[in-house]
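Coordinate analysis (summary)
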Amino acid sequence: MLNKTESCVMSYIFEKCKGENKGIFTPKELLACLMPKIEITAKQLDVVMSNLALDDYIECEKKDKEGKIYFLVSLTMRGAAFDRERQSQKRQMMKSLMWKLALTVGGAVLAFVI
């Protein structure tokens, strides 16, 4: 399971790579899209990108061209199914919440009756 920062980065990459399953990103572009939600530095972004690669969501190469750094990203099978996995996690959380709510209400009713 991804943490909040990794999930935000992966969401952005997934949206931009939707058609071709690959894309080119600059660290500045990734940081700009994350800054309103999450404060992150360039070094932390490198760690997040390597973590996503280790978790087999993306294949990432870091290239330096004319003094600018680029991330060449390709989505793996797991990365292409990221949206489906995210929706599945939301459904599981809702089922869990509904189950807990039903137990609470049932316990309250039972306690009132007794």
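None of the values given here were measured: they were computed from a predicted structure.

**Quick word on the environment of Thr-41**
Of note, Thr-41 is situated in the loop between helix 2 (27-34) and helix 3 (42-54). Residue Thr-41 is classed as partly exposed on the basis of its relative accessible area of 43%. As a C-alpha pair, Thr-41 and Pro-27 span 14 residues in sequence and 9.5 Å in three-dimensional space.

**Some points on the pattern of salt bridges**
If the charged atoms of two oppositely charged side chains come close together, the side chains can form a pair. In this structure the tally under the stated criterion is five salt bridges. In this structure, Lys-18 engages Glu-15 in a salt bridge whose closest nitrogen and oxygen atoms are separated by 3.7 Å. Lys-18 gets classed as partly exposed once you look at its relative accessible area, which sits at 47%. A relative accessible area of 44% means that Glu-15 is categorised as partly exposed. Ionic pairing is found between Lys-63 and Glu-61, a salt bridge with its closest N-O pair at 3.4 Å. We classify Lys-63 as partly exposed; its relative accessible area is 40%. For Glu-61, a relative accessible area of 45% gives the class partly exposed.

**A few points about unusual backbone geometry**
One non-glycine residue with positive phi stands out, namely Asn-21, at about 65°. In this fold, Asn-21 is placed in the loop between helix 1 (4-16) and strand 1 (22-25).

**Regarding the nonpolar core**
Ile-13, Met-49 and Ile-58 are the most contacted members of the largest nonpolar core, which has 24 residues in total. For this core, the secondary structure elements donating two or more residues are helix 1, helix 2, helix 3 and strand 3 (68-75). Among the elements that make up this core, the one with the highest residue count is helix 1 (six residues). With sequence-adjacent residues up to four places away left out, Met-49 is seen in contact with Val-9, Ile-13, Leu-30, Ile-58, Cys-60, Phe-71 and Val-73.

**Focus on helix 1**
Compared with an ideal rise of 1.5 Å per residue, which puts 13 residues at 18 Å, helix 1 spans 19 Å between its outermost C-alpha atoms and is within 8% of the ideal. Taken together, the buried positions of helix 1 are occupied by Thr-5, Glu-6, Cys-8, Val-9, Met-10, Ser-11, Tyr-12, Ile-13 and Phe-14. The opening residue of helix 1, the one whose side-chain oxygen lies 3.2 Å from the backbone nitrogen of Thr-5, is Asn-3.

**Let's talk about helix 2**
Of the positions making up helix 2, those classed as buried are Pro-27, Leu-30, Leu-31 and Leu-34. Buried residues along helix 2 cover an arc of 95° about the axis, so they all sit on one side. The exposed residues of helix 2 that point more than 90 degrees off its buried face are Lys-28 and Ala-32. Along its buried surface, helix 2 packs onto helix 1, strand 1, helix 3 and strand 3.

**Regarding the confidence of the model for the protein**
Looking at the protein as a whole, its pLDDT mean stands at 90, while 100% of the residues score no less than 70. Averaged pLDDT values over the elements of the protein bottom out at 88 in helix 4 (residues 77-80) and peak at 93 in helix 5 (residues 82-113).

The rules behind each value
- Residues numbered from 1 in each chain as written.
- Predicted model: local features only at pLDDT ≥ 70, side-chain atom pairs only at ≥ 80, totals over all residues.
- Heavy atoms only, no water.
- Helix = DSSP H or I, 4+ residues; strand = E, 2+ residues; numbered from the N terminus.
- Buried < 20%, exposed > 50% of the residue type's maximum accessible area, 1.4 Å probe, protein only.
- Salt bridge = Lys/Arg side-chain N within 4 Å of Asp/Glu carboxyl O.
- Core = buried A, V, L, I, M, F, W, Y, C linked by side-chain atoms within 4.5 Å.
- Contact = heavy atoms within 4.5 Å.
- Expected span 1.5 Å × (residues − 1).
- Polar contact = N/O pair within 3.5 Å; in protein donor to acceptor, adjacent residues only side chain to side chain.
- Arc of directions from axis to C-beta.
- pLDDT = per-residue confidence, 0-100.

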